[in-house]
Amino acid sequence: MNFDLFQTYDALIFDMDGTLVESGPLHEEAWTRTLKAFGLPIIKPMMRALCGVPTKETLEIIAQKTNTPLRVSVTEMNDFKETIAKSLMHDYVKPTPIADIARYFYGKKPMAVGTGAYTEEAKAILTICGLDHLFNAIVGADQVANPKPAPDVFLRGAELTGATPEKCAVFEDAELGLQAARAANMTAYDVHEHFGYVNEYFLD
């Protein structure tokens, strides 16, 4: 992998799931169990399109788009899914080739993670993958007012690294995340397009 392309940026910001970490199988299993448990339909294209959206918002969107009433609160369903994910994460998650970029620039550039996951879960997954020490900041969806495709997580990441948004590069695998990066006036790199990496998450 050629790292010269990223030398000109003041800071690098990474999405986590499907970018730094191969966690698609983990989340697909957790989502499948959760949706079945609470009577919500599993529509693969919809789930893939919602990649990067926090759990509670995803549940609300699924219920609305499929006209399926929620049996319990999204908080209860979120807690159910998080419990499953936590119990399985050691068996499922591992770093992707994109993590080599973060390893290379460790100590050379400030870096942050901007994720649709909640901060506690993100830190746990990054720790399992041996990546947590690489970053100056880990910004989860619970730290900002608006999730992706809003630019909030990436703007907060830039703030915590001390870089201006225009001098940041963002690495993302999901369309909503790419939209968020562009909305933040950052250069967005689609990891599928630029590096050939595909997240194994609700593929047809």
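This text follows the structure it describes.
Residues numbered from 1 in each chain as written. Predicted model: local features only at pLDDT ≥ 70, side-chain atom pairs only at ≥ 80, totals over all residues. Heavy atoms only, no water.

**Some points on the overall build of the protein chain**
Alright, step 1. The helix and strand inventory of the protein chain stands at nine helices and seven strands.
Alright, step 2. The C-alpha atoms of the protein chain give a radius of gyration of 16 Å, which matches the 17 Å a tight globule of 204 residues would have.
Alright, step 3. For the C-alpha atoms alone, the extent of the protein chain along its principal axes is close to 50 × 30 × 30 Å.
Alright, step 4. Split into buried and exposed, the 204 residues of the protein chain put 53% on the buried side.
Alright, step 5. In the protein chain, 18 positive and 28 negative side-chain charges are present, and the distance between their average locations comes to 1 Å. (Helix = DSSP H or I, 4+ residues; strand = E, 2+ residues; numbered from the N terminus. Rg over C-alpha atoms; globule rule 2.2 N^0.38 Å. Buried < 20%, exposed > 50% of the residue type's maximum accessible area, 1.4 Å probe, protein only. Lys, Arg positive; Asp, Glu negative; His and termini not counted. Charge placed at Lys NZ, Arg CZ, Asp CG, Glu CD.)

**As for the side chain of Thr58**
Alright, step 1. Among the secondary structure elements, Thr58 is positioned in helix α3 (residues 55-66).
Alright, step 2. Judged by its relative accessible area of 2%, Thr58 is buried.
Alright, step 3. Beyond its immediate sequence surroundings of up to four residues, Thr58 is in contact with Trp31, Met47, Leu50 and Val53. (Contact = heavy atoms within 4.5 Å.)

**Some points on the pairing of strand β1 (residues 11-14)**
Alright, step 1. Here β1 shows two buried faces, one formed by Ala11 and Ile13 and the other by Leu12 and Phe14.
Alright, step 2. Bridge analysis of β1 against strand β4 (residues 111-114) gives three bridges, and the strand direction is parallel. When the bridges of β4 are listed, Leu12 appears paired with Met111. (Pairing = 2+ DSSP bridges.)

**Quick look at the pattern of salt bridges**
Alright, step 1. As enumerated under the stated definition, the model contains seven salt bridges in all.
Alright, step 2. Here Arg156 and Glu159 are joined by a salt bridge, their closest N and O atoms 3.1 Å apart. Here Arg156 and its partner Glu159 are both found in helix α7 (residues 152-161), three residues apart, which amounts to about one turn of the helix.
Alright, step 3. Linked by salt bridges that have partners in common, Asp15, Lys148 and Glu172 make up one network. (Salt bridge = Lys/Arg side-chain N within 4 Å of Asp/Glu carboxyl O.)

**Focus on the packing of aromatic side chains**
Alright, step 1. By the definition in use, this model includes 13 aromatic pairs.
Alright, step 2. Between the aromatic rings of Phe6 and Phe171, the centroid separation amounts to 5.1 Å while the plane-to-plane angle is 75°, which identifies the pairing as edge-to-face. Note that Phe6 is positioned in the segment before β1 and Phe171 in strand β6 (residues 168-172), a separation of 165 residues in sequence. For the pair formed by Phe6 and Phe171, the shared burial category is buried.
Alright, step 3. Both rings, one in Phe6 and one in Phe195, keep their centres 6.2 Å apart while their planes meet at 55°; by these two values the pair is tilted. (Phe/Tyr/Trp six-rings, centres within 6.5 Å; stacked < 30°, edge-to-face > 60°.)

**A word on the sheet that holds β1**
Alright, step 1. One open sheet accounts for five strands, arranged β5-β4-β1-β6-β7; its pairing is parallel. Edge positions in the sheet fall to β5 (137-139) and β7 (187-190), since each has one partner strand and no second. The average angle at which neighbouring strand axes cross in this sheet is 20°, direction not considered. (Axes fitted to C-alpha atoms, helices over the stretch in contact; angles between N-to-C directions.)

**So, the state of the cysteines**
Covalent bonding between the sulfur atoms of two cysteines is what defines a disulfide.
Alright, step 1. One pass over the full model with this rule turns up zero disulfides.
Alright, step 2. Considering cysteine sulfurs only, Cys129 is the nearest to Cys51, which forms no disulfide, with 15 Å between them.
Alright, step 3. Of the residues examined, Cys51 reaches a relative accessible area of 11% and is grouped as buried.
Alright, step 4. Since its relative accessible area comes to 9%, Cys129 is described here as buried. (Disulfide = S-S within 2.5 Å.)

**Notes on α3**
Alright, step 1. A rise of 1.5 Å per residue sets the reference length of α3, with its 12 residues, at 16 Å; its end C-alpha atoms lie 16 Å apart and thus fit the reference within 8%.
Alright, step 2. Taken as a whole, α3 has its buried residues at Thr55, Thr58, Leu59, Ile62 and Ala63. The buried residues of α3 occupy one face: seen down the axis, they fall within an arc of 130°. Exposed and oriented more than 90 degrees from the buried face of α3 are Gln64 and Lys65.
Alright, step 3. Those residues of α3 that are buried lie in contact with α1 (24-37), α2 (44-49) and α4 (74-92). (Expected span 1.5 Å × (residues − 1). Arc of directions from axis to C-beta.)

By themselves these figures say nothing about function.
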